[in-house]
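Structural features, examined
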Protein chains: 2
Amino acid sequence: MFAKDAGVTPGLVEAAVLPRTTEEVATCVRIARKHGLPIVPRGAGTGLAGGAVPTEPGLLVVLTRLNEIHDVDEVARTAWVGPGLINLDLSKRLIERGLHFAPDPSSQSASTIGGNFGTNAGGPHCLADGTTVAHILAAEFVTPDGDIVMMGGEAPDTPGLDLRSIVVGSEGTLGIATKILVRLMQNPPDVATLLLGFPSIEDAATTVSQIIASGLIPAALEMMDQPMVQAVENFVHAGYPTDAVAVLLAEITGTPETVLDGTNAIEQVARRNNANTVRVATDPVERALLWRGRKSAFGAVAQKAPDYYLHDTVVPRTELVGVLTKIYEIADEYGLDMLNVFHAGDGNLHPLVAFDSKESGKLETVMTAAKEMVRVSVEAGGSLSGEHGIGLEKRDLMGLVFSEEDLDAQARIRDAFDPDGVMNPGKVLPTGSRCFDAAGVRIPT
Amino acid sequence: MFAKDAGVTPGLVEAAVLPRTTEEVATCVRIARKHGLPIVPRGAGTGLAGGAVPTEPGLLVVLTRLNEIHDVDEVARTAWVGPGLINLDLSKRLIERGLHFAPDPSSQSASTIGGNFGTNAGGPHCLADGTTVAHILAAEFVTPDGDIVMMGGEAPDTPGLDLRSIVVGSEGTLGIATKILVRLMQNPPDVATLLLGFPSIEDAATTVSQIIASGLIPAALEMMDQPMVQAVENFVHAGYPTDAVAVLLAEITGTPETVLDGTNAIEQVARRNNANTVRVATDPVERALLWRGRKSAFGAVAQKAPDYYLHDTVVPRTELVGVLTKIYEIADEYGLDMLNVFHAGDGNLHPLVAFDSKESGKLETVMTAAKEMVRVSVEAGGSLSGEHGIGLEKRDLMGLVFSEEDLDAQARIRDAFDPDGVMNPGKVLPTGSRCFDAAGVRIPT
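This section reports on the structure supplied with the text. Treat the numbers as computed from the prediction; the structure is a model and nothing was measured. (Residues numbered from 1 in each chain as written. Chains lettered and ligands numbered in written order. Predicted model: local features only at pLDDT ≥ 70, side-chain atom pairs only at ≥ 80, totals over all residues. Heavy atoms only, no water.)

**Description of the nonpolar core**
Stated formally: Only buried Ala, Val, Leu, Ile, Met, Phe, Trp, Tyr and Cys residues count toward a nonpolar core, and they belong to the same one when joined by side-chain atoms within 4.5 Å. Relative accessibility thresholds used throughout: buried, under 20% of the residue-type maximum; exposed, over 50%; partly exposed, between the two (1.4 Å probe, protein chains only). Only heavy atoms enter the contact rule, under which two residues are in contact if any of them lie within 4.5 Å.
Judged by nonpolar contacts, the single largest core of 58 residues is most densely connected at Leu90 and Val182 of chain A together with Leu90 and Val182 of chain B. Excluding anything up to four places from it in sequence, Leu90 of chain B contacts Ile69, Val81, Leu85, Phe101, Ile113, Val182 and Leu184 of chain B. One finds Ile201, Val259, Leu336 and Met338 of chain B within the second-largest nonpolar core, a separate group that totals 45 residues.

**Considerations on the sheet that holds strand S9 (residues 176-183) of chain A**
All names here are of chain A. This is how it is decided: Any two strands with at least two DSSP bridges between them are considered paired. Secondary structure elements follow DSSP: runs of H or I of four or more residues count as helices, runs of E of two or more count as strands, with numbering from the N terminus. Only the contacting stretch of a helix is used when fitting its axis, a line to C-alpha atoms as for every element, and angles between N-to-C directions run 0 to 180 degrees.
The strand order S4-S5-S9-S7-S8 describes an open sheet built from 5 strands, whose pairing is antiparallel. Two strands close off the open sheet at either side, each with one partner strand: strand S4 (69-73) and strand S8 (148-152). Across this sheet, the average inter-strand angle for adjacent strands is 15 degrees, counted without regard to direction. Bridge analysis of strand S5 (residues 78-81) against S9 gives 4 bridges, and the strand direction is antiparallel. If you follow Val81 over to S9, its bridge partner there is Ile180. Lying over the sheet, helix H1 (residues 22-34) contacts strand S7 (136-142), S8 and S9, oriented at roughly 50 degrees with respect to S7.

**A closer look at the packing of helix H6 (residues 201-213) of chain A against helix H8 (residues 256-272) of chain A**
Residue and element names in this part refer to chain A. Keep this limit in mind: The hand of a helix crossing depends on one turn: near helix anticlockwise from the far one by less than a right angle means left-handed, and clockwise means right-handed. Three classes are used, and their members are as follows: Ala, Val, Leu, Ile, Met, Phe, Trp, Tyr, Cys and Pro are nonpolar, Asp, Glu, Lys and Arg are charged, and the others, Gly among them, are polar.
Where H6 meets H8, the axes come as close as 9 Å, and the angle between the chain directions of the two elements is 145 degrees. The interaxial crossing formed by H6 with H8 has right-handed handedness. Counting all contacts with H6, which are made through Thr207, Gln210 and Ile211, the residues of H8 involved are Ile266, Val269, Ala270 and Arg272. Here the residues of the contact of H6 with H8 are counted per class, giving 4 nonpolar, 2 polar and 1 charged.

**What about the pattern of salt bridges?**
Here is the rule: Put simply, a salt bridge is a Lys or Arg side-chain nitrogen that is within 4 Å of an Asp or Glu carboxyl oxygen.
One pass over the full model with this rule turns up 30 salt bridges over all chains. As a salt-bridge pair, Arg164 of chain A and Asp162 of chain A come within 2.9 Å of each other at their nearest N and O atoms. For Arg164 of chain A, a relative accessible area of 17% gives the class buried. When the shortest N-O distance is used, the salt bridge between Glu222 of chain B and Arg294 of chain B registers 2.6 Å. Taken together, the residues Glu222 of chain B in strand S12 (residues 220-225) and Arg294 of chain B in helix H9 (residues 284-295) connect sequence positions 72 residues apart. Owing to a relative accessible area of 1%, Arg294 of chain B belongs among the buried residues under this scheme. Each of the salt bridges in this network shares a partner with another, and the network as a whole consists of Arg33, Asp145 and Asp420 of chain A together with Asp408, Arg412, Asp415 and Arg434 of chain B.

**Notes on the relation of the copies chain A and chain B**
Filter applied, for reference: A least-squares superposition brings the copies together, and it is based on the C-alpha atoms of residues with pLDDT no lower than 70 in both.
Rotating chain A by 180 degrees and translating it 0.0 Å along the rotation axis places it on chain B, where the RMSD comes to 0.0 Å. A rotation of that kind, with that shift, is consistent with a two-fold axis. Most of the interface of chain A is mirrored in chain B, where 100% of its interface residues again form contacts.

Next up, the structure:
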């Protein structure tokens, strides 16, 4: 059960432990070190890039039992939680206090706060609220030596180097967070969700650009293409317009006045760009149904094929249409069944290829096409990954974004935490990233 | 002219260079290394913690000539700028495009973007917008080896470790930023500034807490005590009520409706907490005058004494009154002339002691009192520095906030960039911070 995450690559599990406390995690790390074994930390295994998949014999440290909410401070709006706590469980437990944890990856009903921490996870509402790193204030952290240190702190500001921001998103390569101080946000007094249907991708993308250019930052701004809308409608009957070529889901939060202003502004922009469906949901049940559609998108794809491979590139908002056009061409060329659902507001694309890995040679075709899709995104001034991490599956594409010197700088930081390379080896950085010595002289390989 | 910054400690200048390009900076670094000299980077020298003061013979690299605006992208809302560009000059140059650079330290008419970068500077508007790190997307960076690398990037998201966030705020100890990609923000369509006078510090502090607790995040929320208000009024005649024991300056930005709602909400909270002055300025001239008062506060102190020492602690908002009371007691006990002006919204205190350094033993008394003020802030769950950095003057107080293991983790990162300890030596980390070897064994000292 621990050999795979939600990505496509299976790994090798030799031994797994499920510790219950920070001290037990530290002990596991020390024992692994004593026996010369590498260590792979893992949460719920919902990752999409193979980050928690062990690639060599070692110790898998599964953190799901560290799932307590230790302490909630309503005045400071913070909580200390275990890394194994499921994301949505935290917000559910806080509902009566009027607070929530903002990062909301689509996996939030299964993924853990520790996994969100490791990948610096995003989600629809990260457009306005920022990704996970903006919501992590501190972490108790077990180093690769088995020491327990504090990164960041409860104090409102921490002087010195911001180590907290470097361990968030480090995908288990620097150590293991065992207790996490999260920032909580106030539930907004009012919310409206808009469903907008368009006759073309261009019209939807122009609407996105014009909304942002007007100075409005919606709480979320999501796009789906027609194949995805149809799959979702078949699956959860969210009431999406299946005749639309592109659908936008926008959300506005704030005081009732702000919500009304924002809703009107978005409606106007959408109609100016030929929207043929405009629905505003303020009722909680109707809003929940619209969101259920979006959040079930990956599940809906299972109707089409048993496996899927999901990209996670980011492009400047102005390049959305150009890059999408090229991505459709690539899918066509390789004969792939592709659906699109993505965070349009921040240009984070998720082309999703549905396929059957039992079909001979299919996975290789999917991966070849994937590389081309990443390349067109990067060439348009974009990046390799928005929120899912690099893990194993995007590791060898890092050279598309970083120079040798850049990768070397990252490898040096990793060395500073983990000189023996025992924490989640083989992930994130391609082999040979550490290519210069301290004097800037190339290390012979 | 380069021996001191705006702090109290003079240093030692042996050689200063004023390069004009990234390549010249890299050459300077390589030459210094060749001759075994330490390197101290410097901007406008407005720092308040001695961060740019050389403490041993070496090369001072003054970056004020790298002051170009290379490129403004209005669609992406970014600009590449030189580190020597003066903060306010950037926003002035962008006024017709309706954009600005959000971090606004009080020194902004003199301090450079590179200096803001080095200290992760704050400012009144960082309550809503975040400190400098939230506004830096990338940097071309000269390493201590004289290599040129890119931290972060133009792409909307950068995978791997977030090195950008670790060099921002590193006070010149990891290398030198020579070209900086800043995020620009849209000028708000409407703004109102409120001046509120209160009969007690408690009333003003309760108003701050209740505003934030209501879910409103004002663009700025500043407090001044009576001695500071009187000094400021004497100096710039901003129209502050000199009979008030505490004055709040609050700013609300957004659409006209949002501004009206926010202004009304703040007024109500203030009146409920006994405000005896409530003035709302929407006219640009009147608003500018109110802000001139706040931004001239440090200058106004020169009427009292030739020198000042400024603290920069941060405390939880709920502890504001308790900590301030203790700070007043400490000032009384040591017979010091203290004025207060601070970022109340984020609990960032700036007790300012006016004194004459020619008076024998006075500086020592000021520093002893400073340490006690920091201690009461830290004991209340606060921190050592909010925005001015650690530099030389707060270095030996780092132990109040960090454990040995924590400091060692920071020292390891520094070693990863600069194993020979040549970049701005003697700053930020106290001597002996690197106290464990890679296996976690204590290094004998």
